Amino acid sequence: MRGTVIFTKTSVTMNIRANDPNRRSWVEVPKGSDFPIQNLPFGVFKTQGEKPRVGVAIGNKILDLKALHVLGHLPNQPFNINAFDTDSLNTMMSYGKKIVREFRNRISDLLEENNPELRDNHNHVAQVLVEQAEAEMLLPVQIGDYTDFYSSIDHATNVGKMFRDPENALLPNWKHLPVGYHGRSSSIVSSGTAIHRPKGQSKAPDQELPSFGPCKLLDFELETGFFTFPGKPLGHSISTEEADEYIFGMVLLNDWSARDIQTWEYVPLGPFLAKNFASSISSWVVTLDALEPFRTKGATQVPAVLPYLSYQGEKNIDIHLEVIIQTPDGNDNTISNSNNKYMYWTIEQQLAHHTVNGCNIRCGDFLGSGTISGPTRDTFGSMLELTWKGTQPLKMKDGSERKFINDNDTVVMRGYCEKDGLRIGFGEVKTKVLPAI
Ligand code: MN
């Protein structure tokens, strides 16, 4: 069973009772919470004196799956305790989409307001529910390979205008394939992990020779990313139609970037040290299943894409995204309101393209969207664009200005879907920037 997932068309016919908008939980879910019973995202957490374990967010609480298993509430599931008494979701994910979907349905049933099984066992409830405020969230997945795309047309156009030719901002390949590069997984960190300003080589246009020192143009990139289930063997491809069967869930991604280092180093092989010093992700993995109700029409793709990139149906996902700079005095400055739906290339197209040459994806691989920018300045997903290369600084509430990110600033990204009174959120990815070491 583990390690390989056979795709069957019947699994496309979804029966996701966990998504029923009419369900309510006996666990209190405050109004405006990111985590109603229709979400049930997975994560890895730790409490004082205890080892890391797997949990599900519900309201302000975490349902401890290890405790739930030990207390006998997960019968007839293929998982043994090792899937939950562990510091990553990989074991659980290794069983593939259909089993994880059924498992999420089971969790939903247990938390449903009319089900007394767990609700009325107060001794067990006290053992399986943990306050989120008392838990430390850890990196949820042991990430194998990390790939970052460049799939927002407004972002690619902005960068092309700034650095190349405003008349031909997009390179000739851009509308024919989702451009991407292989990133580095070792430096992906969870929300709450502070990072240090990177050091490196850069060369300003007026300098004759490069110099070395702390990055001067530290930037964030507002992105989303998805984790994969086990894929197909080397040599086989995953089609756009099959892609969803291999996608576990999504998180928010801040793909930190050192613009001065990037400008000097990226020719001709692409990003390297400007990108691999840190990438931050949100702690809860929202399943693709939970996001299905928020699908929306994808971008009109002209010229038409090659057949292996074509797809049926509404494959974009409407996720409101925002970026906040918290200045050292503690003030929040919202600097961008964007949306995942601005993506030109869908996640299904990204996965199909990634595997079309036979490249094998594995359980726990991570694929980032690329910076997500919308059509107007207030929807741009990086300081590079928001300040137009530093020429139009942003004013902060404390009176200071930002061209890029300063030491001791904290960057917060939040994301949520909202439709017909139902809100499915991602929580946040929050990172403080410390001075260079
Ligand atoms: Mn990126």
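All values derive from a computational prediction rather than experimental measurement.

Reading the values: the criteria
- Residues numbered from 1 in each chain as written.
- Predicted model: local features only at pLDDT ≥ 70, side-chain atom pairs only at ≥ 80, totals over all residues.
- Heavy atoms only, no water.
- Core = buried A, V, L, I, M, F, W, Y, C linked by side-chain atoms within 4.5 Å.
- Buried < 20%, exposed > 50% of the residue type's maximum accessible area, 1.4 Å probe, protein only.
- Helix = DSSP H or I, 4+ residues; strand = E, 2+ residues; numbered from the N terminus.
- 1 Å grid on protein atoms, 1.4 Å probe; cavity = no way out; pocket = protein on both sides within 12 Å on 5 of 7 lines; lining within 4 Å.
- Points joined across faces, edges and corners; volume = space filled by probe spheres on them.
- Nonpolar A, V, L, I, M, F, W, Y, C, P; charged D, E, K, R; others polar.
- Donors = N, O, S within 2.8 Å, 3.2 Å for Na, K, Ca; no water.
- Phe/Tyr/Trp six-rings, centres within 6.5 Å; stacked < 30°, edge-to-face > 60°.
- Lys NZ or Arg CZ within 6 Å of the ring centre and 35° of its normal.

1. A look at the nonpolar core
Residues F220, W256, I335, L351 and M383 are the most contacted members of the largest nonpolar core, which totals 53 residues. When residues of this core are assigned to their parent elements, the largest contribution, 5 residues, is made by strand β26 (residues 422–434). Ranked by size, the runner-up nonpolar core spans 44 residues in total, among them L63, F79, F84 and L129.

2. Concerning the layout of surface pockets
Empty space within the largest pocket amounts to approximately 670 Å³. Lining the largest pocket are 30 residues, and of these Y150, V159, Q262, Y266 and P271 sit closest to its centre. Elements with a minimum of two residues in the lining of the largest pocket: β6 (146–149), α6 (153–163), β7 (180–182) and α7 (259–265). When grouped by side-chain class, the residues that make up the lining of the largest pocket number 16 nonpolar, 8 polar and 6 charged.

3. Overview of the coordination of the manganese ion
With distances of 2.1 to 2.2 Å, the protein atoms coordinating the manganese ion are D148 (OD), E221 (OE), E223 (OE) and D255 (OD). When the donor residues of the manganese ion are listed from N- to C-terminus, their spacing reads D-x72-E-x1-E-x31-D. Placement of the pair is D148 in strand β6 and D255 in the loop between β14 (247–254) and β15 (257–258), with a sequence separation of 107 residues. A residue is classified by how much of its surface remains accessible, and D148, at 2% relative accessible area, is buried. Classification of D255 by relative accessible area gives buried; the value is 0%.

4. What to know about the packing of aromatic side chains
For the structure shown, the criterion picks out 13 aromatic pairs. Ring centres 5.0 Å apart and planes at 75 degrees place the aromatic pair F79 and F103 in the edge-to-face group. Here F79 is found in the loop between α1 (65–70) and α2 (90–93), whereas its partner F103 is found in helix α3 (residues 97–111), with 24 residues between them in sequence. A relative accessible area of 3% places F79 in the buried class. Overall, the relative accessible area of 0% leaves F103 in the buried class. Sitting over the ring of F163, K389 keeps its end group 4.5 Å from the ring centre. Taking NZ or CZ as reference, R423 lies 3.8 Å from the ring centre of Y416, over its face.

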